[in-house]
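Survey of secondary and tertiary structure
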Amino acid sequence: KLLSVLRRRCDMAGKRLSGPGLAAEGRVLRAVLYAYHSRLLRHRPYLALQQVEQCLKRLWKMNLVGCLETLVELIPKKNASKAHAECLVPSQPMLETVALKVLGGCKLILRLLDCCCKAFLLSVKHLCSKEFILLNTVASGLLSRLWFVIQYRCVLQTLTSLYGALWTMLHLVSETQQTPYIKGFTFPSDISDFLGVNVSSEAKKQKAKMLITKKSTSWMKKLFPAMPEAVSKVGKKRKSETCTSALKNHSIPCPMDIGERVV
């Protein structure tokens, strides 16, 4: 039962770490940093963006997803465990290595969220002072999306629950036969003691800060005035008329899609 729980949590953590959202935001962040590299070397929001990118780079270089996939391959499947009274389990060195990487990954993601929050607050502050409006608008949107992707996908929460299953398995394996690989370090039973903060309360604090700061950008409505109500009603009416006429005249063939995929 514990092996199946460990397998399920490893699969879930691997999927959430290797999801398309996190990778896409990382690529956009690198593109923004590359575009503004020669112009904003001493700009504070730009330097804060570099810290965010550094955290993301370290997270990918850890190869946590590959380590979790290796561990899943070592866990026997359900059929094998039912067929025999005894089954093979991952060794203590393997469990210790994965547990250490999960601890490091949690620390890095916590640092990444903190850097995202600080960089977002700086971008909005410079945006309110009407400085580098284009960069700070793009940066604030990008950072809020990156923060939201990590929180919405529950990446940190999934890793903390995975560590709980890893620690229980490691404790049982070490009781059976002690073959320690990492010496001079005691794996904590509760990951919140190691991280030093409560994950859910820290996320709520950061969200409250970002929402309060976002309200101070009301001056942007002056730069981008809203469409008058009469014009918007006319636009909606025309749009609905064109839609109904297109539905009635269903004999018109659909145009060919000749666009090319952007790599």
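Residues numbered from 1 in each chain as written. Predicted model: local features only at pLDDT ≥ 70, side-chain atom pairs only at ≥ 80, totals over all residues. Heavy atoms only, no water.

Looking now at the overall build of the protein chain. Scanning the protein chain for helices and strands turns up 12 helices and zero strands. From first element to last, N terminus to C terminus, the protein chain shows the α and β order α-α-α-α-α-α-α-α-α-α-α-α. For the protein chain, long-range pairs separated by at least 24 residues make up 85% of all intrachain contacts whose partners lie at least 6 apart in sequence. Put simply, the protein chain shows about 17100 Å² of open surface, and 59% of that area lies on carbon and sulfur atoms. (Helix = DSSP H or I, 4+ residues; strand = E, 2+ residues; numbered from the N terminus. Contact = heavy atoms within 4.5 Å. Areas by Shrake-Rupley, 256 points an atom, 1.4 Å probe, with all protein chains shown as cover.)

It is the contact of helix α6 (residues 92–128) with helix α8 (residues 155–176), at a shortest axis distance of 9 Å, that shows an interaxial angle of 155°. Of the possible angle classes, the one that applies to α6 and α8 is roughly antiparallel. Considering only the axes of α6 and α8, their crossing is left-handed. Here Gln92, Leu95, Glu96, Val98, Ala99, Val102, Leu103, Gly105, Cys106, Ile109, Leu110 and Leu113 of α6 lie close against α8, whose contacting residues are Val155, Leu156, Leu159, Thr160, Leu162, Tyr163, Leu166, Met169, Leu170, Val173 and Ser174. (Axes fitted to C-alpha atoms, helices over the stretch in contact; angles between N-to-C directions. Parallel < 35°, antiparallel > 145°, perpendicular 65-115°, else oblique. Left-handed = near helix turned anticlockwise from the far one by under 90°.)

Let us now look at the nonpolar core. Judged by nonpolar contacts, the single largest core of 67 residues is most densely connected at Leu6, Val52, Val102, Ile109, Leu159, Leu162 and Leu166. Looking at this core, the elements with two or more residues in it are α1 (2–17), α2 (20–35), α3 (44–61), α4 (64–74), α6, α7 (133–152), α8 and α9 (191–195). In terms of residues, this core owes the most to one element, α6, which gives 18 residues. Residue contacts for isoleucine 109: discarding those within four places in its chain leaves Leu17, Leu59, Ile150, Val155, Leu156 and Leu159. (Core = buried A, V, L, I, M, F, W, Y, C linked by side-chain atoms within 4.5 Å. Buried < 20%, exposed > 50% of the residue type's maximum accessible area, 1.4 Å probe, protein only.)

Contact geometry for α2 and α3: axes closest at 10 Å, N-to-C directions at 140°. As judged from the angle between their axes, α2 and α3 are oblique. Relative to α3, α2 is oriented so that their crossing is left-handed. Where α2 approaches α3, its residues Leu22, Ala23, Gly26, Leu29, Arg30, Val32 and Leu33 are matched on the opposing element by Tyr46, Leu49, Gln50, Val52, Glu53, Leu56 and Trp60.

Quick look at the environment of leucine 113 now. Summarising the element assignment, leucine 113 is placed in helix α6. Relative accessible area serves as the criterion here: at 3%, leucine 113 is assigned to the buried category. Sequence-wise, leucine 113 and glutamine 151 are 38 residues apart; in three dimensions their C-alpha atoms are separated by 8.9 Å.

Inspection of the secondary structure puts serine 140 in helix α7. Only 2.9 Å separates the side chain of serine 140 from the backbone oxygen of threonine 137, close enough to count as a polar contact. Those residues in contact with serine 140 that lie beyond four places of it in its chain are Phe120, Ser123 and Val124. (Polar contact = N/O pair within 3.5 Å; in protein donor to acceptor, adjacent residues only side chain to side chain.)

Below, the discussion takes up unusual backbone geometry. Here the phi dihedral of asparagine 63 falls at roughly 55°; this positive angle occurs in a residue that is not glycine. With respect to the helices and strands, the residue asparagine 63 is situated in the loop between α3 and α4. Relative accessible area serves as the criterion here: at 46%, asparagine 63 is assigned to the partly exposed category.

Moving on to the side chain of threonine 158. Mapped onto the elements, threonine 158 comes out in helix α8. The class of threonine 158 is buried, set by a relative accessible area of 4%. Those residues in contact with threonine 158 that sit more than four places away from it in its chain are Arg9, Met12, Ala13, Arg16 and Arg153.

What follows concerns α6. For α6, spanning 37 residues, the distance from its first C-alpha to its last is 54 Å, which sits close to the expected 54 Å at 1.5 Å a residue. Directly beyond the C-terminal end of α6, a positive phi value near 55° is found at lysine 130. (Expected span 1.5 Å × (residues − 1).)

Our focus in this paragraph is the pattern of salt bridges. Here the idea is simple: oppositely charged side chains can pair when their charged atoms come close. Under the defined criterion, the tally for this structure stands at four salt bridges. Lysine 57 serves as the salt-bridge partner of glutamate 53, at 3.9 Å between the closest nitrogen and oxygen. Taken together, the residues glutamate 53 and lysine 57, both in helix α3 and four residues apart, mark about one turn of the helix. On the basis of relative accessibility, which here comes to 16%, the residue glutamate 53 falls in the buried class. Ionic pairing is found between aspartate 114 and arginine 111, a salt bridge with its closest N-O pair at 3.8 Å. Of this pair, aspartate 114 and arginine 111 both sit in helix α6, separated by three residues, roughly a single helical turn. (Salt bridge = Lys/Arg side-chain N within 4 Å of Asp/Glu carboxyl O.)

Chain-level pLDDT for the protein chain is 76 on average; 72% of the residues reach the 70-or-more range. In this model, residues 246–259 is a region of pLDDT below 50 whose contacts with residues beyond four sequence positions or in other chains number zero contacts. (pLDDT = per-residue confidence, 0-100.)

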